[in-house]
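Geometric and topological summary
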Amino acid sequence: RVVAVIMVGGPTKGTRFRPLSLNVPKPLFPLAGQPMVHHPISACRRIPNLAQIYLIGFHEEREFKLYVSSISNELRIPVRYLREDKPHGSAGGLYSFRDYIMEDSPSHIVLLNCDVCSSFPLPDMLEAHKKYGGMGTLLVNKVSAESANQFGELVADPETNELLHYTEKPETFVSDLINCGVYIFTPNIFSAIEDVLKQKKDRANLRRVSSFEALQSATKALPADFVRLDQDILSPLAGKKELYTYQTLDFWEQIKTPGMSLRCSGLYLSQFRRTSPHLLASGDGIRTATIVGDVYIHPSAKVHPTSKIGPNVSISANARVGAGARLINCIILDDVEIMENAVVIHSIVGWKSSIGKWSRVQASFSLYHSFLSSFKFNESSFSINLNNFTLEQFVKITSVGLM
Ligand code: GDD
């Protein structure tokens, strides 16, 4: 049997995702019309003999309650939210709930970061992991040399795929092969975390007896029960025939900023074309809007037949799109009103905003994506183009929108 665990962090994580995470926890922000965490959960469904899915985080329990019960019913697989009282780190969080995870006596644990966008090739990874025979297998990906330092960089044996060397976000370039935050482990991972916890406690005890200088470094150190999967587990175990890699050739991105959520929404919409085409809108321009490319429209949204929508547009619950409106590459959140002949391009329009007739909301695709929340654009008098805005001006618009 297999148990899947998705690390969802908490409100002190994901701060780069603000302002989008001020209204909903980041893992529940909609991408392609589904909460971010829904995509890894759906991918877990393809794992043979899956017994349970756990979400581990330190968000308030009530924020996940509704989602967790509806997704459990929909998938007919138990999905449960386990709340840490405080952050224990990505490995420490997993370890805190080892008793729950081991209840089903799993042979394998699939561990996923919530904030990555991928096709999650879990069944193939599981097969590869069984062949390697190690304690863990990491999904890895090649990225540009310039962007590699935002991730864990690693070196793998080209023949055996063994993980030979691992450094988390190094200052000097190590490799363009990076850790995707998707893992398969045997239950031995818990012994590995336990060893690290023991070492940390011993070190903390030693410090307690020594000088002022040592006391200072102890106060700077992370709590003794805080264990990071990357620095504390992967780095020391590299090159010991315990960890192996599986390279994805399909899409993979990390979702740390609002701009990335727009790109990842598009990636998931295009995946729907292969996996769940029934979720995509199809329009004839007569009874329904004209649809271009991949578009998601929530069943409760009202979209005028003379509007033109797409590509990469996702429209959430109770949104209204007026006659002649044009939407390209955007996320329209709940209860937004887009009035007649308005144009929205490369933007995220936040909950309850209203875009007036003939308004134009557009961000430069490569620079910033505009984000408007509870923002009122009046009739045609208000037309805006964010193309030439500096970051400071952009931030002002965002914060005005949030008042
Ligand atoms: N429950 C819980 N408790 N979750 C946590 C905690 C914690 O204390 N700390 C982090 N997480 C979750 C985050 O929400 C995220 O899903 C995942 O664990 C990893 O978060 P970080 O430890 O902050 O690392 P990162 O996202 O900057 O980088 C990691 O992922 C990259 C891929 O996206 C590293 O593993 C990198 O090496 C990797 O490239």
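Being a predicted model, the structure only gives us computed values, none of them experimental. (Residues numbered from 1 in each chain as written. Predicted model: local features only at pLDDT ≥ 70, side-chain atom pairs only at ≥ 80, totals over all residues. Heavy atoms only, no water.)

So, the packing of aromatic side chains
Here the structure, examined in full by the defined rule, presents 9 aromatic pairs. Relative to Y81, the ring of F64 lies with its centre 4.6 Å away and its plane at 5°, an arrangement referred to as stacked. Taken as a pair, F64 in helix α2 (residues 61–75) and Y81 in strand β5 (residues 79–83) lie far apart in primary sequence, 17 residues in all. For the pair F64 and Y81, a shared accessibility class is recorded, and that class is buried. Judged by centre distance (6.1 Å) and plane angle (80°), the rings of F251 and Y268 are edge-to-face. Here Y268 lies in helix α9 (residues 258–275) and F251 lies in the loop between β12 (243–247) and β13 (252–254), a separation of 17 residues in the sequence. Of the two residues, F251 and Y268, both sit in the buried class. Here the aromatic residues F17, F29 and W351 are joined through ring pairs into a cluster of three or more. (Phe/Tyr/Trp six-rings, centres within 6.5 Å; stacked < 30°, edge-to-face > 60°. Helix = DSSP H or I, 4+ residues; strand = E, 2+ residues; numbered from the N terminus. Buried < 20%, exposed > 50% of the residue type's maximum accessible area, 1.4 Å probe, protein only.)

Points about the environment of I47
You can see I47 is positioned in the loop between α1 (38–44) and β4 (50–57). Among the residues examined, I47 registers a relative accessible area of 5% and is labelled buried. Linking I47 and L122, residues 75 residues apart in sequence, is a C-alpha distance of 6.5 Å. Setting aside residues no more than four positions away along its own chain, I47 makes contact with V2, V110, L122 and L126. (Contact = heavy atoms within 4.5 Å.)

Considerations on the nonpolar core
Inside soluble globular proteins, nonpolar side chains tend to come together where they are buried. Counting 59 residues, the largest nonpolar core has I6, F29, V37, I41, I53, L55 and L122 as its most contacted members. No other element matches the 6 residues that α9 contributes to this core. Not counting chain neighbours up to four residues away, the residues in contact with V37 comprise I6, V8, P27, L28, L55, Y67 and C114. Core analysis: the second largest hydrophobic core is formed by 37 residues, V3, M7, F97 and I189 among them. (Core = buried A, V, L, I, M, F, W, Y, C linked by side-chain atoms within 4.5 Å.)

Let's talk about the pattern of salt bridges
Close approach of charged atoms lets side chains of opposite charge pair. What the rule picks out here adds up to 14 salt bridges. Salt-bridge contacts for D232 lead to K200; the nearest nitrogen and oxygen are separated by 3.9 Å. On the criterion of sequence distance, the pair formed by D232 in helix α8 (residues 229–237) and K200 in helix α6 (residues 189–209) is long-range, its members being 32 residues apart. Residue D232 shares its accessibility class with K200, and that shared class is buried. Here E253 ties to R263 by a salt bridge, and the two come within 2.9 Å at their closest N and O atoms. Of this pair, E253 sits in strand β13 while R263 is found in helix α9, placing the two residues 10 residues apart along the sequence. On the basis of relative accessibility, which here comes to 43%, the residue R263 falls in the partly exposed class. Within the structure, one salt-bridge network assembled from shared partners comprises K26, D115 and K256. (Salt bridge = Lys/Arg side-chain N within 4 Å of Asp/Glu carboxyl O.)

All we've got here are geometric facts, nothing functional implied.
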